[in-house]
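# Descriptive structure summary
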Amino acid sequence: MQDSFDFRGFFPKEYTVKEISSSPEALTLDLESTSTHAPCPKCGFSSYRIHGKRRRKNIVDLPFLERSVLLNITLNEYICPECMQIFAENPGDFLLERKSVTARCENHISEVKHILRGNNAKTKSIVNSGHIPVQAGVVRYIPVSPVDICDTDRDWIYKIYKICYQDDNPSEHQYSLEELLEKIHANCERELHPSLVDLSLYDLSLLVSSDKRLKERIKK
Ligand SMILES: [Zn+2]
């Protein structure tokens, strides 16, 4: 069945599917780029000068009909006539540099990891059972989706911090994440800050690590 299935729509339009091999567990697709030009990552100039080929092997993509999908991808390598930079193209931002998963597969794993509050072992187990055969080392380095908290909520958390702790000198008043979370839950009004009512410790830790004002005031 899968031999007659048209896989082209699953990949950026620059790729053509050269070969498909299948086993009961996995599909392996050989993709090749048919692009004629690509933007130089250094200066932005659009280069039409192909310099060679680059091959990326065993890239894990999202599964298809309960089978793992592995990709062997041949990319064009261009040389920029403006700045002489040699670079491999990345049509549709489909790949990630030096990673063995596609960008969309990483996004998926990242969401799972976010739901599981950053737990690497559980994330690996869940995605593996969902036909994404990634190793622990891959999961460990996948970032979790950034927490979606608006600026008003961030400012409010900072204000609460200052009110609760009469904070004048950040270096003398460092409190723990748990203490701050208690204050947030105790003080936030549902109508004004709906996304903070159920804020988890994990989300708060992500928020704090991305906010300089809070970061320097929280115990490591
Ligand atoms: Zn260039």
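What you are looking at is a predicted structure, and each value in this text was computed from that prediction instead of being measured. (Residues numbered from 1 in each chain as written. Predicted model: local features only at pLDDT ≥ 70, side-chain atom pairs only at ≥ 80, totals over all residues. Heavy atoms only, no water.)

## Overview of unusual backbone geometry
- You will see that Glu-66, though not glycine, has its phi angle at about 60°, which is positive.
- The residue Glu-66 is located in the loop between β5 (50–64) and β6 (67–79) in this model.
- Since its relative accessible area comes to 64%, Glu-66 is described here as exposed. (Helix = DSSP H or I, 4+ residues; strand = E, 2+ residues; numbered from the N terminus. Buried < 20%, exposed > 50% of the residue type's maximum accessible area, 1.4 Å probe, protein only.)

## Quick notes on the pattern of salt bridges
- All told, the structure shown has 9 salt bridges when counted by the stated rule.
- Lys-99 serves as the salt-bridge partner of Glu-106, at 2.9 Å between the closest nitrogen and oxygen.
- The class of Glu-106 is buried, set by a relative accessible area of 9%.
- One salt bridge connects Arg-213 with Asp-211, and the closest N-O pair in it is separated by 3.2 Å.
- Of the residues examined, Arg-213 reaches a relative accessible area of 29% and is grouped as partly exposed.
- Through salt bridges with shared partners, one network takes in Arg-154, Asp-155, Asp-211 and Arg-213. (Salt bridge = Lys/Arg side-chain N within 4 Å of Asp/Glu carboxyl O.)

## Observations concerning the nonpolar core
- By size, the foremost hydrophobic cluster in this structure holds 20 residues, and its most contacted members are Ile-157, Leu-180, Ile-184, Leu-196, Leu-199 and Leu-204.
- Listed by contribution, the elements that provide at least two residues to this core are α4 (151–165), α5 (177–187) and α6 (201–209).
- Counting residues per element, this core draws most heavily on α4, which supplies 6 residues.
- When neighbours within four sequence positions are excluded, Ile-157 is seen to be in contact with Leu-180, Ile-184, Leu-196, Leu-199, Leu-207 and Leu-214. (Core = buried A, V, L, I, M, F, W, Y, C linked by side-chain atoms within 4.5 Å. Contact = heavy atoms within 4.5 Å.)

## Let's talk about the pairing of β6
- Within β6, 12 of the 13 residues are buried, which leaves the element mostly enclosed by the surrounding structure.
- In the sheet, strand β2 (residues 26–33) pairs with β6 via 7 bridges, with the strands oriented parallel. From the neighbouring strand, Asp-30 faces β6, where its bridge partner is Asn-72.
- Here 10 bridges tie β5 to β6, and the two strands are oriented antiparallel to one another. Within β6, the position partnered with Arg-56 by the bridge is Ile-73. (Pairing = 2+ DSSP bridges.)

## A closer look at the coordination of the zinc ion
- Around the zinc ion, the protein contributes the donor atoms Cys-40 (SG), Cys-43 (SG), Cys-80 (SG) and Cys-83 (SG), which lie 2.3 to 2.4 Å from the metal centre.
- In this structure, the zinc ion is coordinated by 4 donor atoms arranged in tetrahedral fashion, with angles at the metal of 102 to 121°.
- Summarised as a motif, the one-chain spacing of the donors to the zinc ion is C-x2-C-x36-C-x2-C. (Donors = N, O, S within 2.8 Å, 3.2 Å for Na, K, Ca; no water. Tetrahedral: all angles 85-135°; square planar, octahedral: opposite > 155°, others 65-115°.)

## Things to note about the domain arrangement of the protein chain
- Domain annotation of the protein chain identifies domain 1 (1–95), domain 2 (97–145) and domain 3 (151–215).
- A C-alpha centroid distance of 28 Å is found between domain 2 and domain 3.
- Counting from both sides, the interface comprises 5 residues of domain 2 and, opposite them, 4 residues of domain 3.
- Buried area between domain 2 and domain 3, both sides added, is near 360 Å², and the carbon and sulfur share of it is 65%.
- Along the contact surface separating domain 2 from domain 3 lie 1 residue pair in polar contact (both at pLDDT 80 or more).
- Residue composition of the side of domain 2 that touches domain 3, by class: 1 nonpolar, 3 polar and 1 charged. (Domains from an automatic or database assignment. Buried area = accessible area lost by both parts, 1.4 Å probe. Polar contact = N/O pair within 3.5 Å; in protein donor to acceptor, adjacent residues only side chain to side chain. Nonpolar A, V, L, I, M, F, W, Y, C, P; charged D, E, K, R; others polar.)

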